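# Remarks on the overall topology
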Amino acid sequence: MTLACALPHAAHASDETVEITRAYIEAAEEGYRLRADYAFELSHGLEDAVQSGVSLHFTTEISFTRPRWYWFDEKAVTARRTHKLWYDVLTRQYHVKIIGSVAQPFQTLEEALFFIRRPTRWVVAPRGALKVGETYNVSLKMGMDKDFLPKPIQVNAFNNSEWRLSSKQKTFQYRAE
């Protein structure tokens, strides 16, 4: 009996993670762009929170380090980008805003989440920030940022597994072009 109760909860807990399904860097005129896709679902509690007017923030963090044999790895570039998701009760629309940019409305929660799961190519480093021909270790992580939640909800979020939504750090190599 105890085992049967524990299994559905354990399976549900594994669904509360973000999986980085694809991530690579592209060299472009304006700099180096991140192309990444994420797979995740909101728990029932998170969906209810959005419907009740709580904004959720999803932050992507990326860093480029260059290994050195004589000292610590050189940190070449670090960048963060945050998507804000909220529901407007008056217009009955979901909105996603990249912090520092314009908000975009969506009719359904699924459309809004699709925009977050497959973000536009983001310029993570300007041209010249990386040394051409050098190999860099790229670390990428994405998840819900609890620091943006209202304080009373933050307390609950740190103790409630439904509010933990993040990826493991994905590391890959990139040779600068």
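Below, the structure is looked at part by part. Just so it is clear, the model here is predicted, and its values are computed rather than measured.

It is possible for side chains bearing opposite charge to pair when their charged atoms get close. Scanning the entire structure with this criterion turns up 10 salt bridges. Across the pair Glu26 and Arg121 runs a salt bridge, and its minimum N-O distance is 3.1 Å. Taken together, the residues span a long stretch of sequence, with Glu26 in strand β1 (residues 17–27) and Arg121 in the loop between α3 (109–117) and β7 (122–126) at a distance of 95 residues. Here Arg121 falls in the partly exposed class, since its relative accessible area comes to 40%.

As a volume, the largest pocket reaches approximately 200 Å³. Among the elements that make up the lining of the largest pocket, the one with the highest residue count is strand β8 (residues 135–144) (four residues).

Moving on to the pairing of strand β6 (residues 103–106). A regular strand places its side chains on the two faces of the sheet in alternate fashion. Bridge analysis of strand β5 (residues 93–98) against β6 gives four bridges, and the strand direction is antiparallel. The residue of β6 that forms the bridge with Tyr94 is Phe106. Connecting β5 to the antiparallel partner β6 that follows it, the hairpin turn spans four residues, and Gly100 within it adopts a positive phi of roughly 90°.

This brings us to a nonpolar patch on the surface. Where nonpolar side chains cluster on the molecular surface, the patch consists of Trp69, Tyr70, Trp71 and Phe72 and spans about 670 Å² of accessible area. Among the structural elements, Tyr70 can be located in the loop between β3 (56–66) and β4 (74–88).

Criteria and thresholds
Residues numbered from 1 in each chain as written. Predicted model: local features only at pLDDT ≥ 70, side-chain atom pairs only at ≥ 80, totals over all residues. Heavy atoms only, no water. Salt bridge = Lys/Arg side-chain N within 4 Å of Asp/Glu carboxyl O. Helix = DSSP H or I, 4+ residues; strand = E, 2+ residues; numbered from the N terminus. Buried < 20%, exposed > 50% of the residue type's maximum accessible area, 1.4 Å probe, protein only. 1 Å grid on protein atoms, 1.4 Å probe; cavity = no way out; pocket = protein on both sides within 12 Å on 5 of 7 lines; lining within 4 Å. Points joined across faces, edges and corners; volume = space filled by probe spheres on them. Pairing = 2+ DSSP bridges. Patch = residues over 30% accessible without salt bridge, like charges linked within 9 Å, V, L, I, M, F, W, Y side chains within 5 Å. Areas by Shrake-Rupley, 256 points an atom, 1.4 Å probe, with all protein chains shown as cover.

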